Amino acid sequence: MIRILLSLLLILPGIVVATELQVLVTTSDKRLKAKIENDLKIFAAASEPKLTKERIKNLYDLADEQITETLQAAGYYNGTINSNLKNNQNNLWIATFIVKPGPPTIINSTSLIATGAGKTDARIQKYLVTPKIKVGSRIIHSDYEDTKEQILVDLNAEGYLRADFTTSTIEVDRSKNLANIKLVINTGDQYKFGEINFISDRYPDSLLSRYTPFNYGTPYSIDKLMQFQNNLEGSELFSKVRFDPIISDNPKDLYVPIDVRLTSKPRNRYTGSIGYGTDTNVRGSLSWLHRFSSPAGHKLKFNVSASAVRSNAGMNYIIPGAEAATDYYELGIVGKIQKFDDKYSKKAELFAKKNMRRNQLESIYGISFFNERSHLTSFLPNKNAVYLLPSAKWIWTDAHHAEMYDYGTKLSLSMRGGVKDVGSDNSVLETIITAKHIMPVDSKSRFILRGEAGAISSNNFSEMPVSMRFYTGGDNTVRGFKYNSLGPTDAGEVIGGRYLTILSAEYERNLFEKLNGVIFIDSGNSNNKFASRLGTGTGVGLRYNTPIGNFKLDVAKPLNIQNDWRLHLNFATDF
């Protein structure tokens, strides 16, 4: 027993005393120091649980070469390294590296040349202007490799699928600390779109081909392919869209057939929403959308919405146009009830529209026929009105998304009019112009400017129903005022005007994560004289951003009348 204990005591020190390693890197550049430590194998080995002195010495012998490679990759070709490895009595190994990078190596010249079929392609020339490798800047190997990779990506995106570098060199003059870069890329031939093979469980090629933004033989382009995908996804017909381009092994076969695999959405979609606004109180909506497989691509939509001031119920039938991604026709019938204060309107309307989108411009041309029974004031009798109104609307949108905010510009012009005794009780022309501009100030704040102007021309404006008069005031027009409370009056009751003016400026800044604060000023009015006095309100508010819109809480006070502060709650999107 005593012999066993003695044996354990003899071998215990060998178990307890482990080999440890400490690595110290010293240099004047903190980023370079971190890069050296990341590349050094001996630095990583310091955290290994079982080290031997042989492994430590082997890694130490490799360290100077690894540091030299890191220095050169960072653009330092004349650096010096002072290395030392020592061991103390506690089996602790200490490796030290004192690194002096020396002067940086500067890019003296760059030569980027394209050869092959694409050498005269203007698009290719712009890709050879590379911001990462500029004359006068320090040569960084990762920037050089990134440049090569990006050029290949750009050329592939333009259809040069076999592009490759025939020359790619960095020549370094260490005595002068200068580098000369030479890149020569052979673009090869430009590929073209081949046959499109649709693999769909429901819809025929006759419909699907109308979403294709290119023809057979069009130069192959990733942008065109992405547009094709966006067209199919935007149709609301498919839950999944997958492209499989087929590139031939034969370098002389320049056509790229594409298999398009489509998974259809369910034939029926049911949606509902509930919300609250100061103007509307509680509001809600229900809708049902049915997608037809025959006639292919046609849709039928029923929608019901209700609030304290507005209620609608309607049916729309949607027909895709010849360019199905951008054009469609819409036939519909809708019933509308509007009531606020003593005003009341009950309206039944039939309409037909054609919608077209060309890049940033959307055009809507239509015609509507409605019968409206309205009650304008408490002392006037109900009136029936019938109007047949051709209409046109143009919407131009340039919207962008940043990390935190949407920004951009949206402009619209709408016009509708009718002629007396040609389906309309009176001759009328209504014109409305709207503008909204969101301008970033910095990464956490932006300005929001909006304006709206409208005019109604009629020789018998007094006979216009409620729906063809302008009202303003409330959550979305002039905050600080009650809903539709601004406008000309008759016996103290607002009766709506023939002119509309709304101006607003708002500054928004992020406060915490998705919570933003705003300060704003709104001005506006509806009146019967174009240059009448505007009501103005100002205040502060909060915004909480969600993926589907912004919850808005504003507190505002009118400046030119003796009214108290007014609370506004709403939910909306930027564009």
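Because the structure is a prediction, the values reported are computed rather than measured.

K.L.:
Would you explain unusual backbone geometry in this entry?
P.N.:
The general pattern is negative phi for most residues beyond glycine and trans for most peptide bonds. Of note, the bond from Ser-294 into Pro-295 is cis; its omega dihedral lies within 30 degrees of zero at 0°. Tracing the backbone through its elements, the reader meets Pro-295 in the loop between strand S11 (281–291) and strand S12 (299–306). The backbone phi angle of Asn-177 is positive, close to 55°, even though this residue is not glycine. By secondary structure assignment, the location of Asn-177 is in the loop between strand S5 (164–173) and strand S6 (178–186). Exposure remark for Asn-177: the relative accessible area of 15% places this residue in the buried category.

K.L.:
I keep staring at the pattern of salt bridges and nothing clicks. Help me out?
P.N.:
Note that side chains of opposite charge can pair when their charged atoms are close. By the definition in use, this model includes 26 salt bridges. Notably, a salt bridge pairs Arg-358 with Asp-327, separated by 2.8 Å at the nearest N-O pair. Here Asp-327 lies in strand S14 (residues 327–340) and Arg-358 lies in strand S15 (residues 343–358), a separation of 31 residues in the sequence. Judged by relative accessible area, which is 38%, Arg-358 ranks as partly exposed. Residue Asp-327 is classed as buried on the basis of its relative accessible area of 7%. If you follow the salt bridges from partner to partner, you end up with Arg-450, Arg-479, Glu-506, Asp-522, Arg-543 and Asp-554 in one network.

K.L.:
Is there a simple way to explain the sheet that holds strand S4 (residues 106–115) in this structure?
P.N.:
In a beta sheet, neighbouring strands are held together by backbone hydrogen bonds and run either parallel or antiparallel to one another. As summarised here, the arrangement of the 3 strands in space is S4-S6-S5, forming an open sheet in which the pairing is mixed. Every interior strand has two partners, whereas the edge strands, S4 and S5, have only one. Within this sheet the neighbouring strands show an average axis-to-axis angle of 10°, counted without direction. Looking at chain direction, S4 and S6 are connected through 9 bridges and run parallel. Opposite Ile-106, over in S6, you have Leu-178 as the bridge partner.

Reading the values: rules and limits
Residues numbered from 1 in each chain as written. Predicted model: local features only at pLDDT ≥ 70, side-chain atom pairs only at ≥ 80, totals over all residues. Heavy atoms only, no water. Helix = DSSP H or I, 4+ residues; strand = E, 2+ residues; numbered from the N terminus. Buried < 20%, exposed > 50% of the residue type's maximum accessible area, 1.4 Å probe, protein only. Salt bridge = Lys/Arg side-chain N within 4 Å of Asp/Glu carboxyl O. Pairing = 2+ DSSP bridges. Axes fitted to C-alpha atoms, helices over the stretch in contact; angles between N-to-C directions.

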